[in-house]
Amino acid sequence: MKVIVCKDYDEMSIKAAEFIAEEMKKKKNFVLGLATGSTPVGTYKNLIKMNTNKEIDFSDVVTFNLDEYIGLDKNHDQSFAYFMYENLFNHINIVNTNAHIPSGTETDYDAYCQEYEAMIERAGGIDLQLLGIGSNGHIGFNEPADEFSDITHTVDLTESTIKDNSRFFNSIDEVPKRAVTMGIGSILRAKKILMIVSGKNKAKAVYEAIHGPVDPKMPASALQKHSDVTVIVDEDAATYLKK
Ligand code: GLP
């Protein structure tokens, strides 16, 4: 894995956006995997700036988001769909039908998850997948488990993730307990992966992801099995990496 250490969140966000822009310029009908959370907000701001300046063009870009809460409609202000429109899609020249986000309101998730995978495949596979990491090492919503998941599936969120994400809700009781997420296999099938990590609370997880054993109890350690992963971290997140 290639690790780039930046001085702070802002520098990480600029570097990540530049990385994505460079990849986008290489190919028509680029397929970009996207993430939610606080970490990519700055990256998205920089991508919006580049799109406004006409440095990059989203008109033929296809996107697939990693995950969504189950039980939240796409118009709910804490849904990941709402987040993506607020923080990126409303501000760039993407064709809305090219932007895919797993649905949080399906009745038949077995069929839906297979269809989500099929859509990725029909688009030609993901060229670049952007990832954050949870403080417990989750990627997407792939929580610590006994084995690595493969395709898009539903998951029960762990107490620690529910607690981490409760900061966005009025109370912890409002945080959904389940989610739909691309699997570890779906993520590893991306041709290239970019993980961005900021803050001291992620330092242990990112260290274990890169240097620890490959273990489903640390889902991000699966990235060690991929041949083209870049990790952009700020100094706080790099606390253990530097020792
Ligand atoms: C979220 C998402 C992940 C994200 C992680 C960290 O709940 N499911 O895709 O990477 O948790 O979020 P943050 O960047 O807010 O710390």
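Located above this text is the structure these notes cover.
Residues numbered from 1 in each chain as written. Predicted model: local features only at pLDDT ≥ 70, side-chain atom pairs only at ≥ 80, totals over all residues. Heavy atoms only, no water.

**Things to note about the packing of helix α1 (residues 9-25) against helix α2 (residues 41-52)**
A pair of packed helices is captured by two measures, namely the crossing angle of their axes and the spacing between those axes.
Piece 1. Two elements in contact, α1 and α2, have axes separated by 8 Å at closest approach and are oriented at 50 degrees. The orientation of α1 relative to α2 falls into the category oblique. Our pair here, α1 against α2, has a crossing hand that is right-handed. In this structure, α1 contributes Tyr9, Ser13, Ile14, Ala16, Ala17, Glu18, Ile20 and Ala21 to the contact, and α2 contributes Val41, Gly42, Thr43, Asn46, Leu47 and Met50.
Piece 2. Grouping the amino acids of the contact of α1 with α2 by side-chain chemistry returns 9 nonpolar, 4 polar and 1 charged. (Axes fitted to C-alpha atoms, helices over the stretch in contact; angles between N-to-C directions. Helix = DSSP H or I, 4+ residues; strand = E, 2+ residues; numbered from the N terminus. Parallel < 35°, antiparallel > 145°, perpendicular 65-115°, else oblique. Left-handed = near helix turned anticlockwise from the far one by under 90°. Contact = heavy atoms within 4.5 Å. Nonpolar A, V, L, I, M, F, W, Y, C, P; charged D, E, K, R; others polar.)

**A look at the site of the ligand**
Piece 1. Residues in contact with the ligand amount to 13 residues; listed here are only the nearest, Ser38, Thr39, Asp67, Asn165 and Lys202.
Piece 2. The separation between an oxygen atom of the ligand and a polar side-chain atom of histidine 138 is 3.0 Å.
Piece 3. One of the side-chain nitrogen or oxygen atoms of asparagine 165 is found 2.8 Å away from an oxygen atom of the ligand.
Piece 4. Bound to the protein, the ligand loses 93% of the 390 Å² it would expose on its own.
Piece 5. When its residues are assigned to classes, the shell around the ligand shows 2 nonpolar, 8 polar and 3 charged. (Near = heavy atom within 4 Å. Polar contact = N/O pair within 3.5 Å; in protein donor to acceptor, adjacent residues only side chain to side chain. Areas by Shrake-Rupley, 256 points an atom, 1.4 Å probe, with all protein chains shown as cover.)

**Quick notes on the environment of glycine 185**
Piece 1. Take glycine 185: it is sitting in helix α6 (residues 184-188).
Piece 2. Contact partners of glycine 185, with chain neighbours within four places excluded, come to Ser149 and Asp150.

**Some details on the sheet that holds strand β10 (residues 229-234)**
Piece 1. Taken together, the 7 strands give an open sheet; going across it, the order is β1-β10-β9-β6-β2-β3-β5, and neighbouring strands pair in parallel fashion. In the strand order of this sheet, the two ends are held by β1 (2-6) and β5 (99-100), each with one partner.
Piece 2. As paired strands, strand β6 (residues 128-131) and strand β9 (residues 192-197) are joined by 4 bridges and run parallel to one another. Note on β9: the bridge partner recorded for leucine 128 is lysine 192.
Piece 3. Seen against the sheet, α1 touches β1, β2 (31-34), β6, β9 and β10 and runs at an angle of roughly 170 degrees to β9. (Pairing = 2+ DSSP bridges.)

Shape descriptors only; they carry no functional weight alone.
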